[in-house]
Amino acid sequence: MKKILAIVLIISSVAFACTSAVISGKATPDGRPLLWKHRDTGSLENKLVKITDSGYDFMGVANVNDPNSENIWMGMNEKGFAIMNTASYNINEGVVCMIEPDQEGIFMRQALESCANLHDFELMLERTSGQRGVAANFGAIDAEGNAAYYETGFYDYTKFDVNDPQTAPEGYIVRTNYSFTGKGDNGVGYIRYDATSELFANQREFTPEFIFKEATRNMNHGLLKKDIGNVKLPKDFSDVTMMDFQDYVIRYSSASVMVVQGVKEDEDPKHGVLWTLLGFPMTTMLTPVFFTDDVELPQVLSTSNEHAPFISAASLALKKELFPVKYDDHKNYIDVSKMKNRKKTGYMQRVMKAENDIVAKAKAVQENRSNEAITEYYKWLDSYVYEFYSPLLPKEAIKYNLPRCKK
């Protein structure tokens, strides 16, 4: 029965996809490695969590409908070890295993709880051979400068060292939803891989800002070579302009994005930064957070109940206006006027402009990592995010998880 269940789950989950990269510190201007995951999923309401009661303390992204955060989909722990994954649909083919599949989120939580570096993670991979229900490309970095992908099945894994010039001559590796060690072209995400690889090939230095402004919000189609972000833009919101929207890096199912900016080898492992987008990338803002012992996460990114965090719920409310079609394959048709227009009132234009202030504040805190500075930044962030979205949202759209200072 479990074998049949595995087949059903794999087929049903192909609709959900992710785009990712592991970038060596050799390819960044400050020598800090980067770990990027653009997450696509059927669970569109995501939250940021901070876990301090099991193993190493860590922060990461979980689904709102996972109240105990048993599955973590990308994150970093107090030792500077960070991990994310993309599902791989051309690995484990023909392999018989009685382990229930789709255990990647549970596996990554266990790794964050127990691994201090990539060596520990490799020991975990060896130890769990035949006992893990995964089919994934795991990307990981640590505080010792290591960076790698692990194409991982039920029994085996293959490591791709991003610091090895033979493996990653430009200092980075991109993965979507197939494994290079997998069989044939049975995976998915080839078009997104091509679009991202083309973008990266023309970049000389990689920063979190580049990832969010250019890679995550990449509107260029890898096959059609059609950039819907650079077409003749509609005049304003009233100039409804419908276009097909399929196989871009951003998809209807995009739910969150994270770039973990690691540390240099001589830095405190806790000095990494989690550059986070919670919600639909066209309608949500970049909200960096820091690893601290005593400071709670910003209220707009977290939740203690069954409702989505404020920023996630707000972005999903605005997303509805980008996808006004209610019939046929409605998820593949977008109104470009709500995304970008000549009047510069498109939601993606607005959030990208507004997040510049957040990035500037976060960089100042990165230079002065005191708990006091982080606390003040989080208070400011709660207020800033609330004030930005309030005029844009219908009154009935957000009735929960408001920042306490605004209730």
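Since the structure is predicted, the reported quantities are computational estimates derived from the model, not experimental observations.

1. Concerning helix H4 (residues 190-201)
And step 1. The end-to-end C-alpha distance of H4, which contains 12 residues, comes to 16 Å, matching closely the 16 Å that a straight helix rising 1.5 Å per residue would cover.
And step 2. Among all positions in H4, only Ile 191, Arg 192, Tyr 193, Ala 195, Thr 196, Ser 197 and Phe 200 are buried.
And step 3. Structurally, H4 contributes buried residues whose contacts are with strand S1 (19-23), strand S2 (34-40), strand S10 (172-175) and helix H5 (208-216).

2. Points about a positive patch on the surface
And step 1. A cluster of like positive charges, contributed by Lys 232, Lys 235, Arg 342 and Lys 343, occupies part of the molecular surface.
And step 2. In this fold, Arg 342 is placed in the loop between helix H7 (336-339) and helix H8 (347-367).
And step 3. Overall, Arg 342 belongs to the partly exposed group, its relative accessible area being 47%.

3. Here's the deal with the packing of aromatic side chains
Remark: the centre distance and the inter-plane angle together describe each pair of aromatic rings, the angle taken between the planes.
And step 1. Taken as a whole and assessed by the stated rule, the structure comprises 28 aromatic pairs.
And step 2. Here Phe 121 and Tyr 150 contribute two aromatic rings whose centre-to-centre distance is 5.2 Å and whose plane-to-plane angle is 75°, an arrangement assigned as edge-to-face. Here Tyr 150 lies in strand S8 (residues 147-152) and Phe 121 lies in helix H3 (residues 118-127), a separation of 29 residues in the sequence. Tyr 150 matches Phe 121 in its accessibility class, with the two residues each being buried.
And step 3. Between Tyr 178 and Phe 180, the aromatic rings sit 5.7 Å apart at their centres with planes inclined by 5°, giving stacked as the arrangement.
And step 4. Tyr 178 sits in the buried class, given a relative accessible area of 9%.
And step 5. Aromatic ring contacts, followed pair by pair, group Phe 81, Phe 107, Phe 121, Phe 138, Tyr 150 and Tyr 157 into a single cluster.
And step 6. Over the ring of Phe 180 we find Arg 175; its NZ or CZ atom is 3.9 Å from the centre of that ring.

4. Examining the pairing of S10
And step 1. By the alternation rule, side chains of S10 split into Tyr 172 and Val 174 and Ile 173 and Arg 175, which are all buried.
And step 2. With four bridges connecting them, S1 and S10 associate as antiparallel partners. Note on S10: the bridge partner recorded for Ser 20 is Arg 175.

5. Quick look at H3
And step 1. Within H3, the full set of buried residues consists of Leu 118, Phe 121, Glu 122, Met 124 and Leu 125. Looking straight down H3, one finds its buried side chains confined to an arc of 155°; they lie on one side. Counted as exposed and oriented over 90 degrees from the buried face of H3: His 119, Glu 126 and Arg 127.
And step 2. In this fold, the buried residues of H3 make contact with strand S6 (82-87), helix H2 (104-114), strand S7 (136-141), S8 and strand S9 (157-161).
And step 3. One side-chain oxygen of the residue at the start of H3 lies 3.2 Å from the amide nitrogen of His 119, identifying that residue as Asn 117.

6. A short note on the packing of H8 against helix H9 (residues 371-389)
And step 1. Between H8 and H9, the least distance of the axes is 10 Å, while the angle of their chain directions is 170°. Comparing the axis directions of H8 and H9 gives the class roughly antiparallel. Across from Arg 350, Val 351, Ala 354, Asp 357, Ile 358, Lys 361, Ala 362 and Val 365 in H8, the residues of H9 making contact are Ala 373, Ile 374, Tyr 377, Trp 380, Leu 381, Tyr 384, Phe 388 and Tyr 389.
And step 2. Along the lines of polarity and charge, the residues of the contact of H8 with H9 split into 13 nonpolar, no polar and three charged.

7. A word on the environment of Pro 394
And step 1. One can find Pro 394 in the segment after H9.
And step 2. Note on Pro 394: relative accessible area 39%, which makes it partly exposed.
And step 3. Between the alpha carbons of Pro 394 and Thr 276 there is a distance of 25 Å; along the sequence they are 118 residues apart.

8. As for the sheet that holds strand S12 (residues 254-261)
And step 1. Taken in spatial order, the six strands of this open sheet run S10-S1-S2-S12-S13-S14, and their pairing is antiparallel. In this open sheet, the two edge strands, each paired with only one partner strand, are S10 and strand S14 (289-290).
And step 2. Pairing analysis gives seven bridges linking S2 to S12, with the strands arranged antiparallel. Counted as the bridge partner of Leu 34 is Gln 261 from S12.
And step 3. This element, H5, spans S1, S2, S12 and strand S13 (273-278) of the sheet and lies at about 155° to S12.

Reading guide: rules and limits
Residues numbered from 1 in each chain as written. Predicted model: local features only at pLDDT ≥ 70, side-chain atom pairs only at ≥ 80, totals over all residues. Heavy atoms only, no water. Helix = DSSP H or I, 4+ residues; strand = E, 2+ residues; numbered from the N terminus. Expected span 1.5 Å × (residues − 1). Buried < 20%, exposed > 50% of the residue type's maximum accessible area, 1.4 Å probe, protein only. Contact = heavy atoms within 4.5 Å. Patch = residues over 30% accessible without salt bridge, like charges linked within 9 Å, V, L, I, M, F, W, Y side chains within 5 Å. Areas by Shrake-Rupley, 256 points an atom, 1.4 Å probe, with all protein chains shown as cover. Salt bridge = Lys/Arg side-chain N within 4 Å of Asp/Glu carboxyl O. Lys, Arg positive; Asp, Glu negative; His and termini not counted. Charge placed at Lys NZ, Arg CZ, Asp CG, Glu CD. Phe/Tyr/Trp six-rings, centres within 6.5 Å; stacked < 30°, edge-to-face > 60°. Lys NZ or Arg CZ within 6 Å of the ring centre and 35° of its normal. Pairing = 2+ DSSP bridges. Arc of directions from axis to C-beta. Polar contact = N/O pair within 3.5 Å; in protein donor to acceptor, adjacent residues only side chain to side chain. Axes fitted to C-alpha atoms, helices over the stretch in contact; angles between N-to-C directions. Parallel < 35°, antiparallel > 145°, perpendicular 65-115°, else oblique. Nonpolar A, V, L, I, M, F, W, Y, C, P; charged D, E, K, R; others polar.

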